[in-house]
Each structure stands twice: as C-alpha cells, then as structure tokens.
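# Fold and contact review
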Amino acid sequence: MAEVSQPAVSVIPEDEGKEKFKKSKDVAFYRRQLRGPNLQHRVLLDTMVLTEKGARFELLEPDTQTTLLLCVSPCKNDTVRILIDELQPIKARYRVQDVLTGEAQCARLRVEGQSKDCVTLSWSAGRHQVCVWRFPFRLEILCEDKVMVTFNSKGKLWFETLQDPPGFLAVFFFFLLMFTPFGSELHDDHAHLLWKETFRQFEDIKANGPSSIGSDLCLHGFSHVYGLPEHADGLQLRDTSDGDPYRLYNLDVFAYDLYSRLGLYGSVPLLVAHRPDRTVGVFWLNASETFVNVGYSMSAPPDGQTPALKRRQMEPQTDVHWLSESGVIDCVVLLGPGPQQLFTQYAQMTGYQALPPLFALGYHQSRWNYDDEADVKAVDAGFDRHDIPYDVIWLDIEHTEGKRYFTWDSALFPEPANLQRHLEERKRKLVVITDPHIKIDPGWWLSNEARNGGHFVKNRDGQIYEGSCWPGNSNYLDFSSPDTRAWYSRCFSLDKYKGSTPSLFVWNDMNEPSVFDGPEQTMPKDAVHYGRWEHRELHNLYGFYQHMATAEGLITRSGGLERPFVLSRSFFAGSQRLGAVWTGDNVASWEYLSISIPMLLSLSVTGIAFCGADVGGFFQDPEPELLLRWYQAAALQPFFRGHSAKGTKRREPWLFGEKVTAAIRTAIQQRYCLLPYWYTLFHLAHTTGLPPLRPLWVEFPGEQSTFGVDHQYMIGGALLASPVTDPGVQEVRVLLPGSDEVWYEVHTAKAHKGGRTLRLPVTLDTVPVFQRGGSVVCRSTGSGSCTAEQQQLPLSITVALNSEGLADGELYLDDGHSFGYRDRKAFCLRRFSLLSGRLLCRSRSEEGTFDCNVIIQSVTVLGLKSKPSTVVLHASGARDSFAAFEWTESCGMLTVNRLKLRVAMDWEMEIHEGYHVNVNNSATSSTVFDLSMDPKHQENEDSIRKQ
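Summarised in this report is the structure supplied together with it. (Residues numbered from 1 in each chain as written. Predicted model: local features only at pLDDT ≥ 70, side-chain atom pairs only at ≥ 80, totals over all residues. Heavy atoms only, no water.)

### Some words on the overall build of the protein
For the record, the criterion: Only DSSP runs of H or I with at least four residues qualify as helices, and only runs of E with at least two residues qualify as strands; both kinds are numbered from the N terminus onward. Throughout, the radius of gyration refers to the C-alpha atoms, and the reference size of a globule is 2.2 Å times the residue count to the power 0.38. For every residue, the accessible area obtained with a 1.4 Å probe (protein chains only) is divided by the maximum for its type, and the residue is called buried under 20%, exposed over 50%, and partly exposed between those limits. To be clear on the numbers: accessible area is Shrake-Rupley with a 1.4 Å probe, and residue cover counts the displayed protein chains and nothing else. Residues counted as positive are Lys and Arg, residues counted as negative are Asp and Glu, and His and the chain ends are not counted. Positions of charges follow a simple convention, taking NZ of Lys, CZ of Arg, CG of Asp or CD of Glu.
Within the protein one finds 20 helices and 52 strands. By the compact-globule yardstick of 30 Å for 947 residues, the protein fits well, its C-alpha radius of gyration being 30 Å. Overall size of the protein, expressed as C-alpha extent along the three principal axes, is 105 × 80 × 50 Å. Relative to its full complement of 947 residues, the protein shows a buried share of 62%. Element-wise, carbon and sulfur atoms account for 50% of the exposed surface of the protein, whose accessible area totals about 35,300 Å². Each charge sign in the protein was given a centre, from 95 positive and 115 negative side chains, and these centres are 3 Å apart.

### Topic: the environment of valine 149
For clarity, the cut-off: When checking whether two residues touch, look at their non-hydrogen atoms; a contact exists if any pair is within 4.5 Å.
Along the chain, valine 149 turns up in strand β9 (residues 146-151). With a relative accessible area of 1%, valine 149 lands in the buried category. Here the alpha-carbon distance between valine 149 and valine 282, two residues 133 residues apart in the chain, equals 9.5 Å. With residues up to four places along the chain from it excluded, the contact list for valine 149 reads Leu139, Glu140, Ile141, Leu217, Cys218, Leu219, His220 and Val333.

### Overview of the packing of aromatic side chains
Definition in use: Any Phe, Tyr or Trp ring, taking Trp's six-membered ring, that has another such ring centre within 6.5 Å forms a pair; planes under 30 degrees apart are called stacked, those over 60 apart edge-to-face, and the others tilted. Any Lys NZ or Arg CZ found within 6 Å of a ring centre and within 35 degrees of that ring's normal is scored as a charge over the ring.
Enumeration over the complete set of coordinates arrives at 44 aromatic pairs. The interplanar angle of 50° and the centroid separation of 6.2 Å between the aromatic rings of phenylalanine 832 and tryptophan 907 together place this pair among those described as tilted. Of the two residues, phenylalanine 832 sits in strand β43 (residues 828-835) while tryptophan 907 sits in strand β51 (residues 907-916), which places them 75 residues apart along the sequence. When sorted by exposure, phenylalanine 832 lands in the same class as tryptophan 907, which is buried. Three or more aromatic residues joined by ring pairs form one cluster here, namely Phe359, Trp394, Phe505, Trp507, Phe565, Trp582, Phe610, Phe639 and Phe682. Above the plane of the ring of phenylalanine 135 lies arginine 42, whose end atom (NZ or CZ) is 4.6 Å from the centre.

### Some points on helix α14 (residues 624-634)
Counting buried residues in α14 gives nine out of 11 residues, a clear majority hidden from the surface. Inspection of α14 places Leu626, Leu627, Leu628, Arg629, Trp630, Tyr631, Gln632, Ala633 and Ala634 among the buried residues, and these make up the whole buried set. Buried residues belonging to α14 abut β21 (363-365), α13 (590-605), β31 (640-642), α15 (658-673) and β33 (713-715).

### Digging into the sheet that holds strand β24 (residues 437-439)
Where we set the bar: What makes two strands pair is DSSP finding at least two bridges between them. Where helices are involved, their axes are fitted lines through C-alpha atoms of the stretch in contact, as for all axes, and angles between N-to-C directions lie from 0 to 180°.
Sheet architecture is open: three strands sit in the order β24-β26-β25, paired in antiparallel fashion. Every interior strand has two partners, whereas the edge strands, β24 and β25 (466-469), have only one. When strand polarity is set aside, the average angle formed by the axes of neighbouring strands in this sheet is 55°.

### Concerning the state of the cysteines
Selection rule: In plain terms, two cysteine sulfur atoms within 2.5 Å form what is called a disulfide here.
Under the criterion given, the structure shown has zero disulfides. With no disulfide partner, cysteine 786 has as its closest neighbouring cysteine sulfur the one in cysteine 673, 14 Å distant. Judged by its relative accessible area of 1%, cysteine 786 falls in the buried class. The cysteine cysteine 828 is free of any disulfide, with cysteine 852 supplying the nearest cysteine sulfur at 5.0 Å. By relative accessible area, cysteine 828 is classed as buried at 8%.

### Focus: the packing of helix α10 (residues 482-490) against helix α12 (residues 542-557)
Stated formally: Angular relationships are summarised with four words: roughly parallel below 35 degrees, roughly antiparallel beyond 145, roughly perpendicular across 65 to 115, and oblique for the angles in between. It is the rotation of the near helix from the far one that decides the hand of a crossing: anticlockwise by less than a right angle makes it left-handed, clockwise makes it right-handed. Residues are sorted three ways: Asp, Glu, Lys and Arg are charged, Ala, Val, Leu, Ile, Met, Phe, Trp, Tyr, Cys and Pro are nonpolar, and all the rest, Gly among them, are polar.
Contact geometry for α10 and α12: axes closest at 8 Å, N-to-C directions at 45°. Taken together, the axes of α10 and α12 are oblique relative to one another. The hand of the α10/α12 crossing is right-handed. Here Arg485, Tyr488 and Ser489 of α10 come into contact with α12, specifically with Tyr545, Gln546, Met548, Ala549, Thr550, Glu552 and Gly553. The residue inventory of the contact of α10 with α12, partitioned by class, reads four nonpolar, four polar and two charged.

### Concerning the packing of α13 against α14
Packing of α13 against α14 brings their axes to within 10 Å, and their N-to-C directions diverge by 10°. As judged from the angle between their axes, α13 and α14 are roughly parallel. When α13 is examined against α14, the residues Trp590, Tyr592 and Leu593 are found in contact with a partner set consisting of Glu625, Leu626, Arg629, Trp630 and Ala633. Its residues placed into classes, the contact of α13 with α14 shows six nonpolar, no polar and two charged.

### A short note on the sheet that holds strand β27 (residues 504-508)
If you trace the eight strands from one edge of the open sheet to the other, you get β30-β29-β28-β27-β23-β22-β21-β31, paired in parallel fashion. Every interior strand has two partners, whereas the edge strands, β30 (611-612) and β31, have only one. The sheet contact formed by strand β23 (residues 429-433) and β27 spans four bridges and is parallel. Of the residues in β27, the one forming a bridge with isoleucine 433 is tryptophan 507.

### Concerning empty space enclosed by the protein
Quick note on the threshold: Think of a 1 Å grid over just the protein atoms. A cavity is a set of points where a 1.4 Å probe fits yet cannot get out, a pocket is an open set with protein on both sides within 12 Å along at least five of seven lines, and lining residues have an atom within 4 Å of a point. Grid points are joined across faces, edges and corners, and a volume is the space filled by probe spheres set on the points.
Evaluation of the coordinates by the stated rule reveals six cavities of 30 Å³ or more. Of the voids in this model, the second largest cavity is the one considered here, and its volume is about 80 Å³. Considering the residues around the second largest cavity, the lining is formed by 13 residues, among which Ala347, Gln353, Gln576, Gly607 and Gly689 are closest to the centre. Take the lining of the second largest cavity: its biggest share by element is three residues, from helix α6 (residues 339-350).

### Overview of the pairing of strand β46 (residues 866-875)
Regular strands have side chains that alternate between both faces of the sheet. In terms of residue burial, β46 counts as a mostly covered element, since eight of its 10 residues are buried. Relative to strand β47 (residues 881-882), β46 is paired through two bridges, and the arrangement is antiparallel. Considered in β47, the bridge of valine 872 is made with phenylalanine 882. Between β46 and β47, which pair antiparallel one after the other, the connecting turn spans five residues, and glycine 877 there sits at a positive phi close to 75°.

### Observations concerning α13
What counts is decided by this rule: Take the number of residues in a helix, subtract one, and multiply by 1.5 Å to get its expected span. To get the bend at a residue, fit one axis to the 7 residues ending there and another to the 7 starting there, then take the angle between the axes.
The first and last C-alpha atoms of α13 sit 24 Å apart over 16 residues, in line with the 22 Å expected at 1.5 Å per residue. If you look at α13, its biggest bend is around 25°, right at serine 596, and the proline proline 598 turns up within four residues after that. Buried residues dominate α13, accounting for 14 of its 16 residues. Immediately beyond the C-terminal end of α13, within one or two residues, lies glycine 607, with a positive phi of roughly 95°.

### Points about the environment of isoleucine 597
Mapping isoleucine 597 onto the fold places it in helix α13. Residue isoleucine 597 is classed as buried on the basis of its relative accessible area of 2%. C-alpha separation for the pair isoleucine 597 and leucine 235, spaced 362 residues apart in sequence, amounts to 8.6 Å. When neighbours within four sequence positions are excluded, isoleucine 597 is seen to be in contact with Gln637, Asp710, His711, Tyr713, Pro723 and Thr725.

### Observations concerning the side chain of serine 568
Put simply, the test is: Any pair of nitrogen or oxygen atoms within 3.5 Å is treated as a polar contact; in protein, a donor-acceptor pairing is required on top of that, and neighbouring residues in sequence qualify only through side-chain atoms on both sides.
In this fold, serine 568 is placed in strand β28 (residues 566-568). Polar contacts involving the side chain of serine 568 include one to the main-chain carbonyl oxygen of serine 570, which spans 2.6 Å. The contacts of serine 568, once residues within four sequence positions are left out, are Asn508, Asn511, Gly543, His547, Ala580, Val581 and Trp582.

Structure below.
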C-alpha cells in the first residue's frame, strides 16, 4: 500500500528563470516541419467522389508513395471543412472529440468545371466555389468568383505517417532519411528525435514514432489577423518571420513574460482575418502541441503588365503555417462575410457562450487564502460596512484538509455549510477550488474510489502516473474518459461533498495540467489516457475536460434546474459553453494591467466571452493608484474578480484610504448599475455568438484606423471604453470611430462627433466611457449590496440619438439563476426604439413570458435639438398622461423622472419638440417642467383621452 505523501509547502514553485519552458528551437517536430522536405502532393482527380457531405479525393506524394485522403465539406452556414488523414494508417490517428457541438448541415457540391489540371466545385447557388488543383496540390476557396483562401498555397502540407515500433520499417525509414537531401539535414537529429526526445532531464518515448502534421494557408487581401489565445501580446498577431512562432501548448507559467508568443494556460486554435469588406477565420482543430507562423506580405501581380500597373495592383496577403505534433489535419475555413456572421459560424460549430447566473457578473472577492470562517465573515461584513456591493467570496487551496479537494480543514472551517448559509442569507455565494491532482492517500475515500475505478492517467509502462503538486505526490484524474467525468461529476452531489450546499460554486485551477516535477511543469507526453491515447494527442484538452465534468456536476447537483458557475484556468475551443476563464498568474504592475485588455479581446474574438484578469495583479503588491485603475478597468470587463497570492499584503477595497476606497466603491457600484446591460449582452452571446467585449473593428469593420487599436474597446454595440492604464495620467487620447457617428460622454452627456481622436482630461475618478449615438442602454437606478438586491431595483434608460435622431436597444430579463429561460421560455426580451420623437417599448421576441414587476423609473434622451413642449405617455391599460421633465440646454438632454412604466408591458413616450436649441452654448441650464397644474396641460390631456 502506498505511503501517505507529504504535502508540498504552499508557495509558488521555483521559477528557474523560465528556462524550464521550451522554445521552438527545442522542439524536434517543429524543426523537422520548418526545414521540411517540401513534398509536392498530387491530387488523383479520378478518385473524386461527391458525397452527401461534400467531396473526397486521394492525394499522392510521389517520392515516398504516401497516400492521403482529402475530404472537403462545405456547409450551409458558409464554412468549409478540410479534413486530411492517412488513407490506410497502421492505426487510427487521434481526432478531437467533444469540441464540436454537432454535425453542421452540409451543402451538396456540384461540378462547375473540370480539366486535366483542376476541378471546380460550387454550392450555395454558385456564390461559393472550391477549386482543387492537381499538381502541385492546392485548394482555393472562392467567394463571388474571388479567391479568399488558398490551402497549401506554398506546398507545406506534410504528414509524418505512423510507424510500427522499431524494426524493419524503422530501419527503412532511417535509411530513407539518411540518403535523401532532407535526411542529410536531419542526420544530427534523427537518431534520438524520431522515437525518443530529451529535454533537460526528461525523456519522451514516442510509441508510434514521429507523427507531426502541417500545412499552410494564404489569406488573400488581408493584412490584419487576430486570435490564437492565449498569449501575453497585442491584439493583432505579429509577423513571426523574424522570431518565434505562436505556440499553443497549455502550461502553468507563473508571472509570464509580456509580449511573448510562448504558450500560456489555454489554447484556442482560431485565427480571424479582417479587412474592410470581409472577415474570414481559420479553425485548426488539433489538441496536440501546435505552432503557428504568420507572415504579412504583398502578393505578386499578374504577369504581362507594366511595372507601374503591377505596383498599383499589388495587394496584401497573410500566410499562415500551422504545425502540430500529432493527430489529423482538420481545418475549418469560416467565410463570414462580416465579423458578426463569423462569430455566429464559430458558435454554431463549437457552442455558444453559456448564459451565466446573474451573480457571476457581479464582483468576486478572492485571496490565497482567507484564513478561516471568521475571516470570511469579517470580509463579508466589511463590504456592507463600506457600502461596496459584491456577490462571491472565494477560498483557495488552504481551506481543504491537507490539500484534499472536496474536504474542509476541520480547524479552520469546522462548519462550512453554516458559513455558506450565513452568506446565502445575504444573497451571496461561496466558491472553492478543485484541482485535477489527487493526493496519494490510501485513507482518503476519494483517492481510493478514483484508483479502484480506474480514473487516473497511466504512465507509459501502464502504471498509475505520479506527479508532484500542492499536496505532494499526486495522481491525476483522466478527464478524457467519459466514465471518469461522470464519476467526478457525482462527487459534487450534496451527500458526497460533505459540507457543501447549493450556493457553493467551483474554481478549476492547475488544470493545464500543472505538474511541478514534470517536463515544462506539466504532464509527460507519453503518459497514457483512456482509449490508449498518449497525452501528446490531447494535452490542450485536459483542462477543457475537467471544466466540462465540473459544470456537469453542478448541473446534476441541482437536478438540471440551476445554471452552474465554474471558472477554469485552462481552456480550449468550446470552453465558452462551460463557464468562465481568466488570464492566470499576472503581476501587480502597470504593464500587466495594460496587456490584460488585448488578452481579453483576443479571447473574446475566439469565442471565450466570459473572461477577466485578476484585479490588482495576482503577485506582488499594487500601489493604490494602480489598484484603483485596475478596478476601474475590470469593472468594464466581463469577469470581475480581485485575487492575490499568498504572501502579498491584504488588499480589500477599504484598506487604501478613504479617497481610494470611495473611487473603488464608485467603480464597483457603476458596474452593478450597468448589469442589466451586461446581462443583455450575455444573452446575445448565448444566442448569437457575439461577444460582449469587442475590438473597435468589429463594430466599425470598414474603418482601417480601428484595426490596430487594442487599448480601447466596445462593450456591446453601445458603449466605448478606454480605461486608463498608465500612472499619473492627466489626459488621454480616445479614438471615436465613425465620421457620421455621435458619441456622448457617459458622465457629462457632452456630445462629440466621430471620426477623430479626442483629447480628454482625466482625474483619478475619471474612466473614459462613451455611449454611441443610436443606442439605448438600460441601467439599474442603484447598485444594492449584491445582484439579488440590484435585480429588485427600478431601471433607468438612456437614449442616445444618432445624427438622424434615431436610437434602438434591447433589454433581457429572466430569473437570473435557473434554466427556466430555456426549458419554459421564462424570459422577457424588450426592445426600445426612438423614431420621429416617439420612444416605444415593445416585445423583441414572439416567444418568452416572464412575470416581472421591474419598472422604468426614468428616461434620459441625449442629443435633442429642441426643447420639448410636452412629453406624453401612452401605456397599455392606462390613461394617457403628460409627464414632468427636466431639460438641460447645454447638451440637449431630456430627463423624465418619477415614472412607473412596467418593462414587461408595451408603452410609448411621445416627445413634442418646441423651439430650436443652440447645442453649442457652453452655459449649463436645467429647467424642470411640471405640467400637472397647467390649465393648458389639462386641456391637452383631455383632448388626448378623447382621441
């Protein structure tokens, strides 16, 4: 029987100067692929078969006589899937499971033209075509007769075919390599790299020899590409020709380097390219270690033209070279044509963002670690005492009994259920951590159940794999197994997870997975998972699968009634349908605050919409100004959590002096006031794939000035945010896109014309936020102490007119916690639109009924050109009436207060404008018009009633 392991000391593991992580030059398959034999594949056009899913061809590489199978599957949602595998592998190659949510509806192909050199196939009424060229093989995707994407444009397609263990075939391959030009280049490498690779003291045995794959794509006419998270880098991907490629390999990288292309905690192999008239995407469905090279250039003009004409006709192009250690080539091209269509295409493929419970959009307070139950209660009371709203308090690894997850330290947390009930009485929640490593302890029921149930990953010798993490020697759960996931999900039931209640939610950490004594501080690639698959095949899926099992566990705990909340550090494509992610172990510095914005934007454009960064930085102690600016920025981002490492100073919001406390209070309260808008945006993400956080170019796709902007962003389509991320700033420059747009400062209502860069004075209390003309934004009239209180408050709506005097917006409401919106259509979706001086509230959806008593208490209209003479209310089932209003002359602002208009009912506000107002007048003048005692008002009201 194994001995009980000793827990590791709860400190951050030695960093070793980052040398424990590989660079691309340290990776054998990357070197082989990059040097490459430059094989030229031939399409055997006579093998073409048109199927109900598209077309299939055989590809032949003449030198090695390798035959591959190519399947091309166009879909009705304007995507094209390209799948390449060995025609007859010695064993099945790994294909990613559980990421795609279902088979897309394929379009039937027809032959448009054929010659000895190529075949052209079309679908979608001929709007889209694929042209397959015989030799050298390349595949062009055309939209409206223009080539958008070329697959294998530079002939970098390469499959390292699976081999039998060393023997005759290995010797044959050895001599093939030795006596070819390519082989001579690898002479120094091949002996120890084909079947065995060593990095530092770690040895990786490859059961089937080299198995890497690679290919390139050319994106015609594009010079801006984005995506490929997670990297601590700018939003636009950089040209990699003079440096390292982008690496997608999930790793536990503490205090990661900035502006680096090395892999971090999660991976989404989606690249998005944008130009003024088109957005396309490339999704590379592979979970093994992957590198991506990006090259920007100008394409060669057609021959036979004068040099001057050639120069005029040069167009940009982006070449993308994908290289993965194993698996198959499974590549989906998303054809847009616009950003919003592309987001929907990707969501249809990998799943829509889960609709979070409302509390998850509030503020979360975390620390490694809150000491005990008294500490938790004191922090909870501190928020109330300082009038700062919050919803969730978090417990890190020290809350457990000796780092045994699903347990509680009996001395520090003797009554965990009572602690949760204490918080629940205040409508707040508790989140606890569960990591994937399981302490080796024969006296612990969970360790024994996992061992007896075969739920642990094995090593290459077939024994249970052991690695070191927080508890000391640990085993690692094999979440790739459906049985293991089901068992793990059941561990969250109230009868098994002693001390838990329905108000307990979960945080998955260290799930890259992190192994302190493993290669690159992760699991060896030759560890063995369910189905006898090596870890190398599915490494980037490990955290995704734990996230899935945890979310399913919380759903099962509630009998399928309640929405889960699970935060995961590691992620993959599709993680958006499971919950939230964050950017990991950042540092308390201005540089990390600044880089958090492009990191979150990169996550957002690749489907991971519920994302955030630790407020204040996880490691080290922030100065007060930095902490305040971070709160202001994070309050305008999807996931909003303050978190800090063990050993850092306590940083609850009230510990930095009254001035800082007041400013932080304001930032958090404003977040809570804006929650109706945020919740509506998450409903939109859940139903359309549009992320709440958007780069400017998503909303202004035709404006090239926005393509490189990553320090400001849109929150939905209505708000533009430009957080302050530098110290001592007294003025900021804000790009206001759209020459025909009008932008209103949220805090002053001052109007600005778009299409220019605005110089804006700022103070420590200032956060530059603008509302876009043409939008309607709903807010709560107060913040309450938590989201449950905020839900009960009346609403105010701000109508910002565009240059044509129009505005439009939506509001989504449901109970904020259950699946009733899905199962019983228990929701309310309302539309507010202002046209010709009439503000209408109408149902936005034919389905959906939700009995709520939420009322609109005030309406503010920005950008009116004339002072109104009267404001008349028409409400279903009520008598028409005149409303008292306030007029602010300097900014053309109408405010109607003391309303009691039910959101769920149809109503209309008619604004009768009077004389013209000079909006350039700098003097501020506010006038209140209360017409209830005016005899003329009474005559007009009688007239309206008669009508």
